[in-house]
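# Close look at the chain arrangement
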Amino acid sequence: MPEFCDVALPVPLDMAFTYRIANGIQPAVGGRVLVPFRQRRMPGVVVELHDREPKVQAKNIISALDSSPVLDDQLLQLGRWIANYYLAPLGEVFRSMLPLAAEFKHSINYRITDEGRLALHQASMSGSSGRSRRTPEEQLAEFRVLDYLSERDMAREVSLRAAARASKTVLEGMVRKRWIAREDLSDARDGARMMKFAILKNVEGRLNANQRTLIDTLAAAGGRISVEALRGLAVPRTTLATLVKRGGVEITEEPAGFTLSGLKARPSQFDFQLNAAQQDALKNVQREIAASTFSGILLHGVTGSGKTAVYLAAMKSVLDAGQSAILLVPEIGLTPAVAANLHQVFGDEVAILHSALSAQERAEQWHRIKRGETRMVVGTRSAVFAPVSDLALIIVDEEQDSSYKQDETPRYHARDVAVMRAKMANAVVVLGSATPSLESYFNAKKNKYALLELPDRVEQRPLPEVEIVEMRQEFQETGHEQVISRKLAEEIRERIEQKEQVMVLLNRRGYSPVVLCRACGKTLECKNCAIALTHHKRTHRMECHYCGHIAPVPKACVHCGSEYVYFLGTGSEKLEELLHGMFPQARIGRLDRDTVRGREDFERALNALNEGELDLLVGTQMIAKGHDVHGVTLVGVVGADAALGFPDFRAAERTFQLLTQVAGRAGRGQKPGKVILQTYFPDHYAVQYAAQHDFAGFYDKELRFRSWMHYPPYSAIANVLVRSGKLDEALRWSGVLGQWFEKTRHEGVRVLGPAAAPILRLKKDYRYHFVLKSPSREKLNALLRAMVAHATQHKIPRTQVIVDVDAVWLM
Ligand SMILES: [Zn+2]
Ligand SMILES: [Zn+2]
């Protein structure tokens, strides 16, 4: 065994830490170990075993947590790629890749120090430790703490405080005096549901009948079976023990597998009716899989063209060939109905990883996948790290969806990680969308990906007709600001009379987004963010949509005391109320983050629509996402173009995508659909091309702008955000970095900034940023790396300089 191991720890430091291997512990590369780090014990992943003596004395590792590596070579390599590409500490990357935190319990512990023993000695000699401003009660409490700790190695905080009747403040004071030391422990959880497994080893010598039965059963199960399952055999319990003693069988203990409650459905006969275009796409995907080399495919299918059927058919063929597949879906896409569908197709062979799983369930699913009990994995962003072996196919559904980008360290994009993982595994990656991102479509046009098109809706259903209503003109003709235009109102009335269904999109939740004082002109802002608070009428409060801060509804201006406060603008809550007033007989539902708390709420609203229990559904972009409701013949779009005013180069792309997606909800059943698109920007190309269902047209136009402005896909970009709770610190740090960028030679990288971030203050932090663009990823990466090193030299904490490579939001 080598003498040392390098361990990646989940701390914001770009380095691995060297520990000495001792006490017969046998760590493995890719396995987890428990190590002492500062005042704590921490689990980390072993990245290297070696014999190089470090300059400073290495501490001993405490224990190895896994008998076999939790990260195989490929996932280790993928983690390194992410750490390098997104400039994230490797240990933090591994933490994101391994959903195993539930296997640890965290506790705060204290032990007495030598200084503490001395103080205890003096106190017991003199009865007091003298010259102190502490009250006699505090001194007594300290004495009890020292006394209690002197009799044991260590005590948990809860027991210590109870036994010594000491407050947290007393303990903190004692830590500062170095009388006691605090240790935060992470230990493998004893309480986790563990399960014993029997593993077949070499069996030598003669076996009796019982032993033979047991060995045969084990062999038939592939050499590994739960001990519980063996108990079902008609052999005495001692048989297993005897075989273990003889070395023929080994027993291991692992976390129990996840049991799918009541979902034991047998895989049904696969009976998707694929049309010619779908079959063609499927054949293409299958051919690439059969080639067993990396290949990227962009599946561009209009809304309602049946992409999902192609995904499932391709996955089924992977399963039949004994290989593995991963399907990534956007955050909102994994409803219980979708899960039920997947179980119908794949039975117990599918693991579904969604946000409603507890940490414990997540860990159990992970082990199931790792053991190879399930080879089909469906999940949101982090499912891209599922520990499947023999990976043949990764599908990224709605690949343009921004929920694939993680908004904390490591800031990876699951689509791009999926492409890299497929490359490493010689697998096929399929990116699917009705509105592909500019980057992916560009790659397809450059022949980096094969482009497969599904140009028509299933059963030759037509795409909906789109009518644009100019809201400026509406204002001139009616003399006042309208939320619902006359045209939209008329069309809604018609549908309701004909017992057809309507969806209305307004991508802003709450009642009124702005509260304005007419006397002093100020708005009511969040105390943590430079963002106006939104009025929520039903809950009767003001809410910040960025940090969650809640304030009472003001009766007077908080700045000048004037009573002339006005509630301006319309959110989805107010829109629902307006529609109730206009169509009192209609049954109206609302779908936004205020009405949807979990996946079930989301599904319930959609079911109500599907079952015809609703005439009208109002909502934010949630209503636009990929679901299939057949009775909707009209979609109204209210204020979806507001984003066009945002200072973000992706604003047009996002607006085009949202308009196309929501329009795609209309006319998915027997009757053709119609879309009324209200806009203040009727001539904007994003609005025009969306109205014409012309993706290629939009793409060409937008690409020209991107090229002129040196934005992706022509340049790689990174957003560097400097933040601090103190304004002068944020300014000073961004000044330090700004000067460094100015003095440094960096050919081929444009640096814009420092500038105030579009949202200057967020969650109590002041924020300044730089935008870096370069046609060369290598140069951009090198410059960012040097910048991070410079920031560290100037003692700017790593957590306060956020590097976001391929940022999807510049806010
Ligand atoms: Zn005022
Ligand atoms: Zn806020």
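Notes on the structure in this doc start here. (Residues numbered from 1 in each chain as written. Chains lettered and ligands numbered in written order. Predicted model: local features only at pLDDT ≥ 70, side-chain atom pairs only at ≥ 80, totals over all residues. Heavy atoms only, no water.)

### What to know about the pattern of salt bridges
Under the definition given, this model contains 41 salt bridges. The partner of Glu543 in a salt bridge is Arg541, and the shortest N-O contact between them spans 3.1 Å. Residue classification places Arg541 among the partly exposed residues on the basis of a relative accessible area of 28%. One salt bridge connects Glu576 with Arg590, and the closest N-O pair in it is separated by 2.6 Å. Placement of Glu576 in helix H18 (residues 572-582) and of Arg590 in strand S26 (residues 588-591) is noted, with a sequence separation of 14 residues between them. The buried category is assigned to Glu576, whose relative accessible area is 15%. (Salt bridge = Lys/Arg side-chain N within 4 Å of Asp/Glu carboxyl O. Buried < 20%, exposed > 50% of the residue type's maximum accessible area, 1.4 Å probe, protein only. Helix = DSSP H or I, 4+ residues; strand = E, 2+ residues; numbered from the N terminus.)

### Comments concerning the sheet that holds strand S27 (residues 616-619)
What the six strands build is an open sheet, ordered S19-S29-S28-S20-S27-S26; its pairing is parallel. Each of the sheet's edge strands pairs with one partner strand only, and the pair in question is strand S19 (465-470) and S26. The sheet shows a mean angle of 20 degrees between the axes of neighbouring strands, direction not considered. Summarising the sheet, S19 and strand S29 (residues 674-679) pair through six bridges and their orientation is parallel. Looking across to S29, one finds that Glu465 is bridged to Lys674. Set on the sheet, helix H17 (residues 486-497) makes contact with S19, strand S20 (501-505), S27, strand S28 (632-637) and S29; between it and S29 the angle comes to about 155 degrees. Most of the contacts of helix H20 (residues 651-663) go to S28, to which it runs at about 155 degrees, and overall it touches S20, S28 and S29. (Pairing = 2+ DSSP bridges. Axes fitted to C-alpha atoms, helices over the stretch in contact; angles between N-to-C directions. Contact = heavy atoms within 4.5 Å.)

### Concerning the sheet that holds strand S30 (residues 716-724)
With respect to topology, four strands assemble into an open sheet ordered S31-S32-S30-S33, the strand pairing being antiparallel. What marks the edges here is a single partner per strand, and that holds for strand S31 (750-762) and strand S33 (801-805). Between one strand axis and the next, the sheet turns through 20 degrees on average, direction left out of account.

### Digging into the coordination of the zinc ion (ligand 2)
Within the protein, the zinc ion (ligand 2) binds to Cys526 (SG), Cys529 (SG), Cys544 (SG) and Cys547 (SG); these donor distances fall in the range 2.2 to 2.4 Å. With four donor atoms in place around the zinc ion (ligand 2) and angles of 100 to 116 degrees between them, the coordination shape is tetrahedral. All donors of the zinc ion (ligand 2) belong to a single chain; written as a sequence motif, their spacing is C-x2-C-x14-C-x2-C. Here Cys544 falls in the buried class, since its relative accessible area comes to 2%. Judged by its relative accessible area of 27%, Cys547 is partly exposed. (Donors = N, O, S within 2.8 Å, 3.2 Å for Na, K, Ca; no water. Tetrahedral: all angles 85-135°; square planar, octahedral: opposite > 155°, others 65-115°.)

### Notes on the coordination of the zinc ion (ligand 1)
For a metal with four donors in a tetrahedral arrangement, the ideal angle between donors is 109.5 degrees, while six donors in an octahedron ideally sit at 90 or 180 degrees. Here the zinc ion (ligand 1) is held by Cys517 (SG), Cys520 (SG), Cys557 (SG) and Cys560 (SG), and the distances to it run 2.2 to 2.5 Å. Coordination at the zinc ion (ligand 1) is tetrahedral: its four donor atoms span angles of 106 to 114 degrees at the metal. Mapping the donors of the zinc ion (ligand 1) onto the primary sequence gives the spacing C-x2-C-x36-C-x2-C. Here the residue Cys517 occupies a position in strand S21 (residues 514-517), and Cys557 occupies one in the loop between strand S24 (550-551) and strand S25 (565-568), the gap between them amounting to 40 residues. Residue classification places Cys517 among the buried positions, given a relative accessible area of 2%.

### Digging into the nonpolar core
Within the largest apolar cluster, 118 residues are counted, with the highest numbers of intra-cluster contacts made by Leu784 and Met787. If sequence neighbours within four positions are ignored, Met787 has contacts with Val720, Leu737, Trp740, Phe741, Val801 and Val803. Leu274, Leu282, Tyr311 and Ala339 belong to the second-largest nonpolar core, a separate cluster that totals 35 residues. (Core = buried A, V, L, I, M, F, W, Y, C linked by side-chain atoms within 4.5 Å.)

### What to know about empty space enclosed by the protein
Counted according to the given criterion, the structure contains four cavities of 30 Å³ or more. As a volume, the largest cavity reaches approximately 60 Å³. If you go around the largest cavity, the residues you meet are Val515, Leu516, Cys517, Lys522, Thr523, Leu524, Pro554, Ala556, Cys557, Val558, His559 and Val565. Ranked by the residues each element gives to the lining of the largest cavity, the list is headed by S21, at three residues. Residue composition of the lining of the largest cavity, by class: nine nonpolar, two polar and one charged. Each pocket or cavity is described by its volume, and for the second largest cavity that value is around 40 Å³. In this structure, the second largest cavity is lined by Val285, Ile297, Leu299, Val310, Tyr311, Ala314, Ile395, Val430 and Leu452. Residue assignment for the lining of the second largest cavity shows that the elements contributing at least two residues are strand S12 (295-301) and helix H11 (307-320). The element that contributes the greatest number of residues to the lining of the second largest cavity is H11, accounting for three residues. Its residues assigned to classes, the lining of the second largest cavity shows nine nonpolar, no polar and no charged. (1 Å grid on protein atoms, 1.4 Å probe; cavity = no way out; pocket = protein on both sides within 12 Å on 5 of 7 lines; lining within 4 Å. Points joined across faces, edges and corners; volume = space filled by probe spheres on them. Nonpolar A, V, L, I, M, F, W, Y, C, P; charged D, E, K, R; others polar.)

### A short note on the environment of Leu328
Note that Leu328 resides in strand S13 (residues 324-328). Sequence separation between Leu328 and Arg415 is 87 residues; the distance between their C-alpha atoms is 8.5 Å. Once residues lying within four places of it in the same chain are set aside, the contact partners of Leu328 are Gly379, Thr380, Arg381, Ala383, Val384, Ile395, Val396, Asp397, Tyr404, Ala414 and Ala418.

### Overview of helix H15 (residues 438-445)
Within H15, seven of the eight residues are buried, which leaves it mostly tucked inside the rest of the structure. Buried within H15 are the following residues: Leu438, Glu439, Ser440, Tyr441, Phe442, Asn443 and Ala444. One or two residues past the end of H15 sits Asn447, with phi positive at roughly 65 degrees.

### As for the side chain of Glu398
Looking at where Glu398 falls in the secondary structure, it is placed in the loop between strand S16 (391-397) and helix H14 (414-425). Comment: no salt bridge for buried Glu398; closest opposite-charge side chain is Lys307, at 5.1 Å. Beyond its immediate chain neighbours, meaning those up to four positions away, Glu398 contacts Pro330, Tyr404, Gly432, Ser433 and Gln661. (Lys, Arg positive; Asp, Glu negative; His and termini not counted.)

### Some thoughts on the packing of helix H1 (residues 73-85) against helix H2 (residues 90-97)
Where H1 meets H2, the axes come as close as 9 Å, and the angle between the chain directions of the two elements is 125 degrees. Relative to H2, the element H1 lies oblique. Considering how the two elements wind past one another, H1 and H2 form a crossing that is right-handed. For the pair formed by H1 and H2, the contact residues are Leu75, Leu76, Leu78, Gly79, Arg80, Ile82 and Ala83 on the first element and Leu90, Val93, Phe94 and Met97 on the second. Within the contact of H1 with H2, the residues separate by chemical class into nine nonpolar, one polar and one charged. (Parallel < 35°, antiparallel > 145°, perpendicular 65-115°, else oblique. Left-handed = near helix turned anticlockwise from the far one by under 90°.)

Keep in mind these numbers describe shape, not what the thing actually does.
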